[in-house]
Amino acid sequence: MSDGLLGKAATMEIPISSNGDAGSLPEDDGLEQDLQQVMVSGPNLNETSIVSGGYGGTAEGIIPTSAIKGSALHQPHASPAPGGDELVRGIAVEKFDIVKKWGINTYKCTKQLLSERFGRGSRTVDLELETQIELLRETKRKYEGILQLARALTAHLYSLVQTQHALGDAFADLSQKSPELQEEFGYNAETQKLLCKNGETLLGAVNFFVSSINTLVNKTMEDTLMTVKQYETARLEYDAYRTDLEELSLAPRDASTLCRLDTAQSHFQSHKDKYEKLRADVGIKLKFLEENKV
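Residues numbered from 1 in each chain as written. Predicted model: local features only at pLDDT ≥ 70, side-chain atom pairs only at ≥ 80, totals over all residues. Heavy atoms only, no water.

The name an unreviewed UniProt entry gives the protein chain is ARFP2 protein, with Semnornis frantzii as the organism.

Spelled out as C-alpha cells, the structure:
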C-alpha cells in the first residue's frame, strides 16, 4: 500500500548513515540557522479575516479585523451588536487554527531536520539540481570578490583623476607666473589634462562594469537564491510529511489509523505538488541565469 500511496518519485532518496557518510555535515551553526529558518515563518495573526455565509462566500462577507478594532476604539460605549460574541469567538477560533497548523508543521519539519542531521532519516535529493545550486553559490561568492575589487579600483581611479586634474591646474598656473619656465610648465599641464581625460573615460568604463556585476550578483543571482531557499524549505516539508505517511502506513489498520492515513496522504500530496513546482521554478531560473550571465 505504501507504494500505491507514494508512487515512484522523479527524484531519488539517499539514506543517511549514523556516521554521516552520505555527505559532509555542516557545523552546528548551520543547524541553528536551519532551525531558525523553520521557526521564523510563523503565522501572521494580524491579517485574519472573518468570512460570513460559510466557505466560498462572496467578497462582501469578508470583515477585516482592523475594521473591527477601529470600530471598537471609536465606539467604546456602544451597545454590543447582535452576534458580536459569535464574531469574536470566530476570530479566536480562526487564529487558534492558524497557530495549530503552524505548530504542527514546525514540529514535523524540525523533527525531519534533526533526523537528517543525526543520520536517522533520509532526504530527497535531486543530484543534478543540487550540483547546479552549489555551483551558483560558489559563483556568487567569486563574483562578490570581483565586485569588491572593482569598487576599490573605482575609488582609487577617482582619486587619481582628481589628483591629475589638480596637478594640471597647478602647472597651468605656474606657466602663467613663471615666464622663464612657461614652456615646460605648459607642457606638463597639457599632459596632466590629457591623462585626466583618459582617466575619466576609464573610470566610466569601470563604473559600468561595477554596475553590471552588482545587478548580476545582488539582483539576478539573489532572486534565484531566494527561490532556492523556498525550494529547500518545500523539500524539507515534503520529506517530513513523506516520513509521517510512511510511519502511518506501517501502523495497524483501524478506523482511527485509516482516518489519519487519509489526512496524511492529503497533506503529503499537497506538499509534493509544492515541492515539484518549486523544483521546476529553480531549474528554469538557473537556466535563464546561465543565459543572461554571458
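Structure's up, so let's keep going.
## Looking at the overall build of the protein chain
Looking only at helices and strands, one finds seven helices and four strands in the protein chain. Listed N to C, the secondary structure of the protein chain is α-β-α-β-β-α-α-β-α-α-α in terms of helices and strands. Counting the 294 residues in the protein chain, one finds 30% classified as buried. (Helix = DSSP H or I, 4+ residues; strand = E, 2+ residues; numbered from the N terminus. Buried < 20%, exposed > 50% of the residue type's maximum accessible area, 1.4 Å probe, protein only.)

## A look at the pattern of salt bridges
Pairing of side chains with opposite charge becomes possible as their charged atoms draw close. For the coordinates displayed, the defined rule picks out 13 salt bridges. Across the pair E138 and R141 runs a salt bridge, and its minimum N-O distance is 2.6 Å. Here R141 and E138 lie together in helix α5 (residues 127-177), a separation of three residues that amounts to about one turn. Taking relative accessible area as the criterion, R141 reaches 45% and is therefore assigned partly exposed. Where E222 meets K140, a salt bridge forms, and the shortest distance between an N and an O atom there is 3.5 Å. With E222 in helix α6 (residues 182-249) and K140 in helix α5, this pair connects stretches of sequence that are 82 residues apart. For K140, a relative accessible area of 10% corresponds to the buried category. Connected through shared salt-bridge partners, R235, D239, R242 and E246 make up one network. (Salt bridge = Lys/Arg side-chain N within 4 Å of Asp/Glu carboxyl O.)

## Concerning the environment of V125
Secondary-structure assignment places V125 in strand β4 (residues 122-125). Along the backbone, V125 and R235 are 110 residues apart, and their C-alpha atoms lie at a distance of 8.8 Å.

## Describing the confidence of the model for the protein chain
Per-residue confidence for the protein chain gives a mean pLDDT of 76; residues scoring 70 or more make up 71%. Note that pLDDT drops below 50 for residues 1-12; the model gives that stretch 24 contacts with residues more than four away or on any other chain. Scored below 50 in pLDDT, residues 14-27 shows 19 contacts in the model against residues more than four places distant or in partner chains. (pLDDT = per-residue confidence, 0-100. Contact = heavy atoms within 4.5 Å.)

## Digging into the side chain of D239
Inspection of the secondary structure puts D239 in helix α6. Assessed through its relative accessible area of 0%, D239 is described here as buried. Here the side chain of D239 touches R235 through a polar contact of 2.6 Å, side chain to side chain. Setting aside chain neighbours within four positions, we find D239 in contact with Q112, E116, S122, R123 and T124. (Polar contact = N/O pair within 3.5 Å; in protein donor to acceptor, adjacent residues only side chain to side chain.)

## Comments concerning the nonpolar core
L129, I133, L136, Y231, V282 and L286 are the most contacted members of the largest nonpolar core, which has 20 residues in total. Elements represented by at least two residues in this core include exactly α5, α6 and α7 (255-293). Broken down by element, the residue count for this core peaks at nine residues, all from α6. Of all hydrophobic cores here, the second largest spans eight residues; its members include A150, L203, V206 and I213. (Core = buried A, V, L, I, M, F, W, Y, C linked by side-chain atoms within 4.5 Å.)

## Some remarks on helix α4 (residues 84-117)
Taking 1.5 Å of rise per residue, the 34 residues of α4 would be expected to cover 50 Å, and the 49 Å separating its terminal C-alpha atoms lies within 8% of that figure. Listed in full, the buried residues belonging to α4 are I91, N105, T106, K108, C109, T110, Q112, L113, S115, E116 and R117. One or two positions beyond α4, positive phi appears at G119, with a value near 75 degrees. (Expected span 1.5 Å × (residues − 1).)

## Points about the environment of F268
Tracing the backbone shows F268 in helix α7. Taking the relative accessible area as the measure of exposure, F268 reaches 1% and is therefore buried.

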